[in-house]
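Chain by chain, the residues:
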There are 2 protein chains.
Amino acid sequence: MQRGFAQAEFENRTRRAQEMMHAADLDALVLTTEADVRYFSGYLTRFWESPSRPWFLVVPAEGKPIAVIPSIGAALMGQTWIDDIRTWRAPDVTDDGVSLLTDTLNSVAKRSIGTPMGPESHLRMPLSDWTRVKAGLNASVQDDAGIVAQLRAVKSVAEISKIEHACAIAGRAFARVPEIAGHGVPLSRVFRDFQRLCLEEGADWVPYLAGASAKSGYGDVISPASDAPLEAGDVLMLDTGLVWDGYFCDFDRNFSVGEPSEQTGTAYARLIGAVDAAVDIVRTGTTAAQLFHAMDAIVTGGAGGSDAGRLGHGLGMQLTEGLSLIPDDHTVLELGMVITLEPGVEVGAGKILVHEEDIVITDGAPRFLSPRAGRDMVQL
Amino acid sequence: MQRGFAQAEFENRTRRAQEMMHAADLDALVLTTEADVRYFSGYLTRFWESPSRPWFLVVPAEGKPIAVIPSIGAALMGQTWIDDIRTWRAPDVTDDGVSLLTDTLNSVAKRSIGTPMGPESHLRMPLSDWTRVKAGLNASVQDDAGIVAQLRAVKSVAEISKIEHACAIAGRAFARVPEIAGHGVPLSRVFRDFQRLCLEEGADWVPYLAGASAKSGYGDVISPASDAPLEAGDVLMLDTGLVWDGYFCDFDRNFSVGEPSEQTGTAYARLIGAVDAAVDIVRTGTTAAQLFHAMDAIVTGGAGGSDAGRLGHGLGMQLTEGLSLIPDDHTVLELGMVITLEPGVEVGAGKILVHEEDIVITDGAPRFLSPRAGRDMVQL
């Protein structure tokens, strides 16, 4: 697999953004988050883990994006397609990029600047500095009209390949779970060892791992692992978001420690059935809400959902991004969108099972990016 | 090592925040980021990797903090010391916690609400929703007067133990680098295998790994690993921020592939000398700027710094947090602060070596949390 993208990928993203900016009457976009900056620049580094320095990318109405970044990033940004790289020596206690960003924006925008303000967005810089930037601008700042989210929602062929590669790595790691998990093994050790398997199978890193192991089903799916040993009758669930070249997979697998109970087996079969029901209708033109209802009919009989809040979501540069499979999200699926199908089902009081697959939307049946799970749980 | 904290830890953090809020005339704090929410609640989950849902913690002037969170987090938050947990079913396309947060804040704050707006902070929620929240408040919102950052900067004994535990894990992994790295091994494989070693040695996860390998020194320290094989004469640097129970270590180690050149050996000796110079003066009452100058005198002869921008920083719940060792940061070191000493030195045109250790501030000589590096580079 080739890392990175051809320059045409970034040219295309930028051109499409500029077309949409023109339609929305925006002179420039200002971007502050890892994924948004990377989407237009190709700037890939784990250095964002440090909150100490802000990073900015300005997309003007014409021409290439402009990077306004700490000087520690200049060498790496210089390897991308970006030519105009403006740096300051950060952290700076009096002016941490504020005047450099303000000047840059004023040089390209006279009237209106967009920045993502909608669902899932945040502004990755101190609010006090943002106030100072806005006070120095000639233009006014407004929502980006959803431009960045809309662009990122539809994946290119190259992006889909990266997600598929990440999914294949996770698939091989899941296939090896019987090597590391079984009766008596502490869940915390399973978590550490599963991340190790992901790395051995080719992950660059493993930003996300959640899971649980409990009798017949689990209470929640976001807790850290305890040191409790796996026991006969447990269902072990591991849900990973590993990254390859900046793109995530996000799917889970359930394992039965010993023979599953009839109740557990039935519940698992409903999860598989819910995915089948989604697959029957998922293609271009289907809405997120329709997918929700197709699965919800199977897992709750049409109750309208659960506390988990959704039965799937978009996927790509972030573990979750874009649409949600909920009753009120009427996003129409487009060719090249990558989403997860993530039905959950109750198994007795307060316990659930959750299953997740990753697919790409086509004109016909979806293509599975995750190696589709079998109809029966793997026994450990 | 015991995971988690005694409840007294959170009571103490909350009480001190409330004392400072009283002095700053704040009726409440509203917190939105992973570290800030966890600091006062103990809520620990990797689920923050998903940007789809906002999470809020409100610290009122009296009493326990109040959690305002998506219902998917209720079970886990219910395991913390927080009693008042208010949930909504997220994501919600029309009201994603906005009215619930607004009502909660109005119930505890009549005049003034603080939220972190200073260095390193950001508001982890959509700006459009923040605007709606502010419009519905009886109180005005202002900077938190640095309260949260000040509290987090000084670590408790229990926090220091967790950081030390993380450092010990990384120390064991670094000691095993000769198992995985050497002439001809691709850097990308070293990166994957080093993360594997961190997990084998007990890391919960490995959020951060940076590094490089190049002849006599490296060009930058934040790039992803290439597939280029290690060659004789290279200096391999690995810099990890692994996590144990929610606390980071952050230090690096340099390795010489074969015999180091005289130039490289001399440069490395200056890094060790810079740490020695810092150790000579670092204790309660020393300022961040004084530490910078002590090291800068050794590594540049007193030039005033480099593009990396700083020679160390605070450390704890985040990879980097709090003070920076730069000329303009006059933060006075206090008992219990945990910082890194991170001198860098130029080795010929455009190449550098960087060395990093983690220490805790005491009334006398600092205590090393990272197992202090030897005076000579380990040869591979």
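Remember, it's a predicted structure, so these values are computed and weren't measured experimentally.

Colleague: I keep staring at the interface of chain B and chain A and nothing clicks. Help me out?
Modeller: Accessible area lost on assembly of the parts is the figure often given for the size of an interface. Contacts between the two partners involve 63 residues from chain B, matched on the other side by 63 residues from chain A. Breaking the side of chain B that touches chain A down by element, the ones donating at least two residues are helix H3 (74-77), helix H5 (127-136), helix H9 (187-200) and strand E7 (205-215) of chain B. For the side of chain B that touches chain A, the element with the highest residue contribution is E7 of chain B, accounting for six residues. Among the residues forming the side of chain B that touches chain A, the class breakdown is 29 nonpolar, 18 polar and 16 charged.

Colleague: How do you make sense of helix H11 (residues 288-299) of chain A when you look at a structure like this?
Modeller: Residues spaced three or four apart along an α-helix face the same direction, because each turn holds 3.6 residues. Residue and element names in this part refer to chain A. Spanning twelve residues, H11 covers 17 Å between terminal C-alpha atoms, matching the ideal 16 Å at 1.5 Å per step. Taken as a whole, H11 has its buried residues at Ala288, Leu291, Phe292, Ala294, Met295, Asp296, Ile298 and Val299. Considering only its buried residues, H11 is in contact with helix H10 (262-281), strand E11 (312-314), strand E12 (338-341) and strand E13 (344-346). Once H11 ends, the next one or two residues include Gly301, with phi positive near 75°.

Colleague: Looking at this structure, how should I read the domain arrangement of chain A?
Modeller: All names here are of chain A. According to the domain assignment, chain A contains domain 1 (7-153) and domain 2 (157-379). Using C-alpha coordinates to define each centre, domain 1 is positioned 33 Å away from domain 2. Residue-level contacts link nine residues of domain 1 with ten residues of domain 2. Within the residue set of the side of domain 1 that touches domain 2, elements represented by two or more residues are helix H2 (34-41) and helix H6 (147-153). A per-class count over the side of domain 1 that touches domain 2 returns five nonpolar, no polar and four charged.

Colleague: So what exactly am I meant to see when it comes to the pairing of strand E8 (residues 234-244) of chain B here?
Modeller: Both faces of the sheet carry side chains from a regular strand, because those side chains alternate between them. Residues and elements named next belong to chain B. Across the eleven residues that make up E8, a large majority, eleven, are buried. Taking every second residue as pointing to the same face, both faces of E8 are buried, with Asp234, Leu236, Leu238, Thr240, Leu242 and Trp244 on one and Val235, Met237, Asp239, Gly241 and Val243 on the other. Relative to E8, E7 runs antiparallel, the two sharing nine bridges. Bridge pairing in E8 links Gly211 to Leu238. Bridging between E8 and strand E10 (residues 251-256) involves six bridges; their strand directions are antiparallel. Considered in E10, the bridge of Leu238 is made with Arg253. Taking the residues that link successive antiparallel strands as the turn, the E8-strand E9 (residues 247-248) hairpin has two residues, and the phi of Asp245 there is positive, at about 50°.

Colleague: Please explain the packing of helix H4 (residues 98-108) of chain A against helix H5 (residues 127-136) of chain A as it appears in this structure.
Modeller: Residues and elements named next belong to chain A. Packing of H4 against H5 brings their axes to within 9 Å, and their N-to-C directions diverge by 35°. In the crossing of H4 with H5, the sense of the turn from one axis to the other is right-handed. Of H5, the residues touching H4 (which contributes Val98, Leu101 and Thr102) are Asp129, Arg132, Val133 and Gly136. Tallied by class, the residues present in the contact of H4 with H5 amount to three nonpolar, two polar and two charged.

Colleague: It is not clear to me how the confidence of the model for chain A should be interpreted in this structure. Could you clarify?
Modeller: In low-pLDDT regions, the fine details of the predicted coordinates are not to be read closely. A residue-level look at chain A finds 100% of positions with pLDDT of 70 or above and a mean pLDDT of 96. For this predicted complex, the interface score ipTM comes out at 0.97, while the overall pTM is 0.98.

Colleague: Explain the relation of the copies chain B and chain A here, please?
Modeller: Two chain copies here: they are related by a rotation about an axis and a translation along the same axis. When chain B is fitted to chain A, the residual RMSD is 0.0 Å, and the transformation amounts to a turn of 180° plus an axial shift of 0.0 Å. Between the two chains, the operation in question is that of a two-fold axis. Across chain B, the smallest distance between a C-alpha and the rotation axis is recorded for Arg196 of chain B, namely 2.5 Å. Comparing contact sets, 100% of the residues at the interface of chain B also lie at the interface in chain A, consistent with an isologous, same-surface contact.

Colleague: Sorry if this is basic, but what is going on with the environment of Glu179 of chain B here?
Modeller: With respect to the helices and strands, Glu179 of chain B occurs in helix H8 (residues 177-180). On the basis of neighbour count, Glu179 of chain B is assigned to the exposed category, with 10 C-beta atoms found within 10 Å.

Colleague: Quick question: what am I supposed to make of the packing of helix H10 (residues 262-281) of chain B against helix H11 (residues 288-299) of chain B here?
Modeller: Residues and elements named next belong to chain B. At their nearest, the axes of H10 and H11 sit 8 Å apart, and the two run at 150° to each other. By the angle class used here, H10 and H11 are roughly antiparallel. H11 is crossed by H10, and the crossing has right-handed handedness. Residues Arg270, Gly273, Ala274, Ala277, Ala278 and Ile281 of H10 pack against Gln290, Leu291, Ala294, Met295, Ala297, Ile298 and Val299 of H11. The residue inventory of the contact of H10 with H11, partitioned by class, reads ten nonpolar, two polar and one charged.

Basis of the calculations
- Residues numbered from 1 in each chain as written.
- Chains lettered and ligands numbered in written order.
- Predicted model: local features only at pLDDT ≥ 70, side-chain atom pairs only at ≥ 80, totals over all residues.
- Contact = placed C-beta atoms within 7 Å.
- Helix = DSSP H or I, 4+ residues; strand = E, 2+ residues; numbered from the N terminus.
- Nonpolar A, V, L, I, M, F, W, Y, C, P; charged D, E, K, R; others polar.
- Expected span 1.5 Å × (residues − 1).
- Buried ≥ 20, exposed ≤ 12 C-beta atoms within 10 Å, placed from the backbone.
- Domains from an automatic or database assignment.
- Pairing = 2+ DSSP bridges.
- Axes fitted to C-alpha atoms, helices over the stretch in contact; angles between N-to-C directions.
- Left-handed = near helix turned anticlockwise from the far one by under 90°.
- pLDDT = per-residue confidence, 0-100.
- Least-squares fit on C-alpha atoms with pLDDT ≥ 70 in both.
- Parallel < 35°, antiparallel > 145°, perpendicular 65-115°, else oblique.

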